[in-house]
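# What the coordinates show
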Amino acid sequence: MIAPLIVGISGASGAIYGIETLRALNEIGHPVHLIVSEMGQRTISIETDYTLNEVRALAEETYSNKDLSAAVSSGSFRTGGMLIAPCSIKTLSGIANSFSYNLLIRAADVTLKEKKPLVLMLRETPLHKGHLEAMIKATELGAIIHPPVPAFYHKPKSIEEIVRQSVGRAFDHLDINHELFKRWKGA
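The structure contained in this document is the topic of the report that follows.

### Observations regarding the pairing of strand β4 (residues 81–87)
With 7 of its 7 residues buried, β4 lies for the most part within the structure. Taking every second residue as pointing to the same face, both faces of β4 are buried, with G81, L83, A85 and C87 on one and M82, I84 and P86 on the other. Sheet topology places strand β1 (residues 5–9) next to β4; 4 bridges connect them, and they run parallel. Looking at the pairing, L5 lines up with G81 of β4.

### A word on the layout of surface pockets
The volume enclosed by the largest pocket comes to roughly 190 Å³. In terms of lining, the largest pocket is formed by S10, G11, S37, E38, M39, N65, S88, K90, T91, Y101, N102 and L104. Elements with a minimum of two residues in the lining of the largest pocket: α2 (38–47) and α4 (89–96). Of the residues belonging to the lining of the largest pocket, the class tally is 3 nonpolar, 7 polar and 2 charged.

### Points about the pairing of strand β5 (residues 118–122)
Of all the 5 residues making up β5, 5 are buried; the element is thus mostly covered by neighbouring parts of the structure. Burial along β5 is two-sided: the face carrying L118, L120 and L122 and the face carrying V119 and M121 are both buried. Summarising the sheet, β5 and strand β6 (residues 144–145) pair through 2 bridges and their orientation is parallel. Paired with V119 across the bridge in β6 is I144.

### Here we look at the nonpolar core
L22, L34, I44, L83 and F171 are the most contacted members of the largest nonpolar core, which totals 29 residues. Put simply, the parts of the chain that give this core at least two residues each are β1, α1 (15–27), β2 (32–36), α3 (52–56), β4, β5 and α7 (159–173). Core analysis: the next-biggest nonpolar cluster, separate from the first, contains 25 residues, M82, A107, L112 and A143 among them.

### Considerations on the packing of α4 against helix α6 (residues 129–141)
Think of two packed helices as two axes; the pair is described by the angle between the axes and how far apart they sit. At their nearest, the axes of α4 and α6 sit 9 Å apart, and the two run at 45° to each other. If you check the angle between α4 and α6, you find them oblique. Note on packing geometry: the crossing formed by α4 with α6 is left-handed. Residue-level contacts link I89, L92, I95 and A96 of α4 to H131, A134, M135, K137, A138 and L141 of α6. Class assignment of the residues belonging to the contact of α4 with α6 gives a composition of 8 nonpolar, 1 polar and 1 charged.

### Focus on the sheet that holds β6
The parallel open sheet is built from 6 strands, whose spatial order is β3-β2-β1-β4-β5-β6. The open sheet is flanked by β3 (61–63) and β6, the only strands paired with a single partner. Pairing of β4 with β5 involves 4 bridges; the strand directions are parallel. Note that in β5 the partner of L83 across the bridge is V119.

### A look at α4
Among the 8 residues in α4, 6 count as buried, and that is most of the element. Among the residues of α4, I89, T91, L92, G94, I95 and A96 are the ones counted as buried. Its buried side turned inward, α4 meets β4, α5 (103–113), β5, α6 and β6. Just beyond α4, the residue with positive phi is S98, at close to 55°.

### Re the pattern of salt bridges
Within this structure, the stated rule accounts for 9 salt bridges. With its nearest N and O atoms 2.8 Å apart, the salt bridge here joins R169 to D172. Highlighted residues: R169 and D172, both in helix α7, separated by 3 residues, approximately one helical turn. A relative accessible area of 32% means that R169 is categorised as partly exposed. D172 sits in the partly exposed class, given a relative accessible area of 25%. Linked by salt bridges that have partners in common, E20, R23, E27, E160 and R164 make up one network.

Rules and cut-offs
- Residues numbered from 1 in each chain as written.
- Predicted model: local features only at pLDDT ≥ 70, side-chain atom pairs only at ≥ 80, totals over all residues.
- Heavy atoms only, no water.
- Buried < 20%, exposed > 50% of the residue type's maximum accessible area, 1.4 Å probe, protein only.
- Helix = DSSP H or I, 4+ residues; strand = E, 2+ residues; numbered from the N terminus.
- Pairing = 2+ DSSP bridges.
- 1 Å grid on protein atoms, 1.4 Å probe; cavity = no way out; pocket = protein on both sides within 12 Å on 5 of 7 lines; lining within 4 Å.
- Points joined across faces, edges and corners; volume = space filled by probe spheres on them.
- Nonpolar A, V, L, I, M, F, W, Y, C, P; charged D, E, K, R; others polar.
- Core = buried A, V, L, I, M, F, W, Y, C linked by side-chain atoms within 4.5 Å.
- Axes fitted to C-alpha atoms, helices over the stretch in contact; angles between N-to-C directions.
- Parallel < 35°, antiparallel > 145°, perpendicular 65-115°, else oblique.
- Left-handed = near helix turned anticlockwise from the far one by under 90°.
- Contact = heavy atoms within 4.5 Å.
- Salt bridge = Lys/Arg side-chain N within 4 Å of Asp/Glu carboxyl O.

Laid out in structure tokens, this is it:
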């Protein structure tokens, strides 16, 4: 049995990264548990044509961000890791400082303490010193900072192909097999 991946969608711009993550996991039959922050819910409605119910339907299990007693808040709940896509600076700051005031940050904190991969698709620019220091602190705790910076060697023809390449690279850090983009083979 494959341990589920926890997917978090925070309030940063780029909700499509989280949605594409869910779609891709469904395509390969990988179980997924979902936490959407309150601002993540708003960002989904602002940036996409998806409803919150449509996004939730892409996950095997969903949790309220306010439910700090949810299964994913405990280290005894088995997971394959966690991906927060997109990850806001607010969420990054909570993770970096172990300030588990909501389920999204608590699940990330548990992921770190259990030595499972935590990938943060940080979505913010430009960055000031405080942002950079929070990224360093999160990295020192074990998180992988993975901004969705597009690559172009695979000659994307659409925004979807650019998004899928970023999601695929995040999956690589989580050891999830996929065929979301054409890999670099050399010049």
